[in-house]
Amino acid sequence: EILSFFIYRKIFMLIIIASFPIVLSGYLIAESGIINDLRSLKIIGWTTVLFGILLYFSDKRENEKSLEINLDLKSALIIGFLHIFSLIPGVSRSGIAITAARFLKFDRVNAARISFLLSIPTLFAVSVFGGYKIYITESFDIIKLNFTSIILSFIFSYITMVAFLGYIKKASLDVFVLYRVVLGVIILIFAYLG
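None of the values given here were measured: they were computed from a predicted structure.

S.K.: Would you explain the overall build of the protein chain in this entry?
M.R.: Along the backbone of the protein chain there are nine helices and zero strands. Going residue by residue from the N terminus, the α and β elements of the protein chain occur as α-α-α-α-α-α-α-α-α. For the protein chain, the proportion of contacts with a sequence separation of at least 24, taken over those separated by at least 6, is 81%. Split by element, the accessible area of the protein chain, about 12,000 Å² in all, is 72% carbon and sulfur.

Next up, the structure:
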């Protein structure tokens, strides 16, 4: 998938363009400290439920668009700007990208492929920013811990992506919707009654 990402220059450029909004917004939010104000159980609970419901409605569309043929500048920008919502705790990065792609009439597998490809520049930017923050701490233990985390994250992410793509070829996203709604409701109960 990554090889085709570099082979098809058009897709490469569109994915880079789609990544600009979240990279820029993420940097501004991280530097401003606003993110700390968003880390409340109420916000996490409501966003978990809300974006689960949006995923449900987006997945009920019978869509047939493919990444190689139908991804254009307009679609890339729409997905890119909606991707900014994933900076809010409780909003899944891959979930919002898949939801946006499904609303734009991409089929499940291609929506997931767009989400995974979009994660490459986004997570690369996060890694560089995080790596710099780690570097200036000059703590060998923290550097070693983060390097181990990166390796383990890569292994489990690869396994998850393969399993996920195999699953959505045959099934809907309802199980993820149910998970998000149930989890969100539980969080909201703790937030309001805890």
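S.K.: Help me understand helix 3 (residues 41-59), please; the structure alone is not making it clear to me.
M.R.: Because each turn of an α-helix spans 3.6 residues, side chains separated by three or four positions end up pointing in the same direction. Compared with an ideal rise of 1.5 Å per residue, which puts 19 residues at 27 Å, helix 3 spans 27 Å between its outermost C-alpha atoms and is within 8% of the ideal. Burial in helix 3 covers these residues: Gly 45, Thr 47, Thr 48, Val 49, Phe 51, Gly 52, Leu 55, Ser 58 and Asp 59.

S.K.: Help me out: how do you make sense of the pattern of salt bridges in this one?
M.R.: Opposite charge on two side chains allows them to pair when their charged atoms are near. This model, assessed by the stated rule, comprises four salt bridges. In this structure, the salt-bridge partner of Arg 102 is Asp 59, at a minimum N-O distance of 3.2 Å. Remark: Asp 59 occurs in helix 3 and Arg 102 occurs in helix 6 (residues 93-103); sequence separation between them is 43 residues. Given a relative accessible area of 2%, Arg 102 falls into the buried group. The partner of Asp 174 in a salt bridge is Lys 60, and the shortest N-O contact between them spans 3.0 Å. Of this pair, Asp 174 sits in helix 9 (residues 174-193) while Lys 60 sits in the loop between helix 3 and helix 4 (67-70); the two residues are 114 residues apart in sequence, bridging distant segments of the chain. Linked by salt bridges that have partners in common, Asp 59, Arg 102 and Arg 108 make up one network.

S.K.: Would you mind going over a nonpolar patch on the surface with me for this structure?
M.R.: Side chains of Phe 147, Ile 151, Leu 152, Phe 154, Ile 155, Phe 156, Tyr 158, Ile 159 and Val 162 sit close together on the surface and give an oily, nonpolar patch of about 950 Å² of accessible area. In this structure, Phe 147 sits in helix 8 (residues 140-168).

Cut-offs used in this document
- The numbering scheme is per chain: residues are counted from 1 as the chain's sequence reads.
- The predicted nature of this model means local features are confined to residues of pLDDT at least 70 and side-chain atom pairs, given and counted, to a pLDDT of 80 or more, with totals for whole chains, interfaces and linings taken over all residues.
- With hydrogens and water set aside, each side-chain value is computed from the structure's full complement of heavy atoms.
- Secondary structure elements follow DSSP: runs of H or I of four or more residues count as helices, runs of E of two or more count as strands, with numbering from the N terminus.
- By definition in these notes, contact holds between two residues if any of their heavy atoms fall within 4.5 Å.
- Areas reported as accessible are Shrake-Rupley estimates using a 1.4 Å probe. Residue values count occlusion only from the protein chains shown.
- Expected helix span is computed as 1.5 Å times (number of residues minus one).
- Buried means the residue's accessible area, taken with a 1.4 Å probe over protein chains only, is under 20% of the maximum for its type, while exposed means over 50%, and partly exposed covers the values in between.
- By convention in these notes, a salt bridge is any Lys or Arg side-chain nitrogen within 4 Å of a carboxyl oxygen on Asp or Glu.
- Only residues whose relative accessible area exceeds 30% and that take part in no salt bridge are eligible for patches, with like-charged residues grouped when within 9 Å of each other and nonpolar side chains (Val, Leu, Ile, Met, Phe, Trp, Tyr) grouped when within 5 Å.

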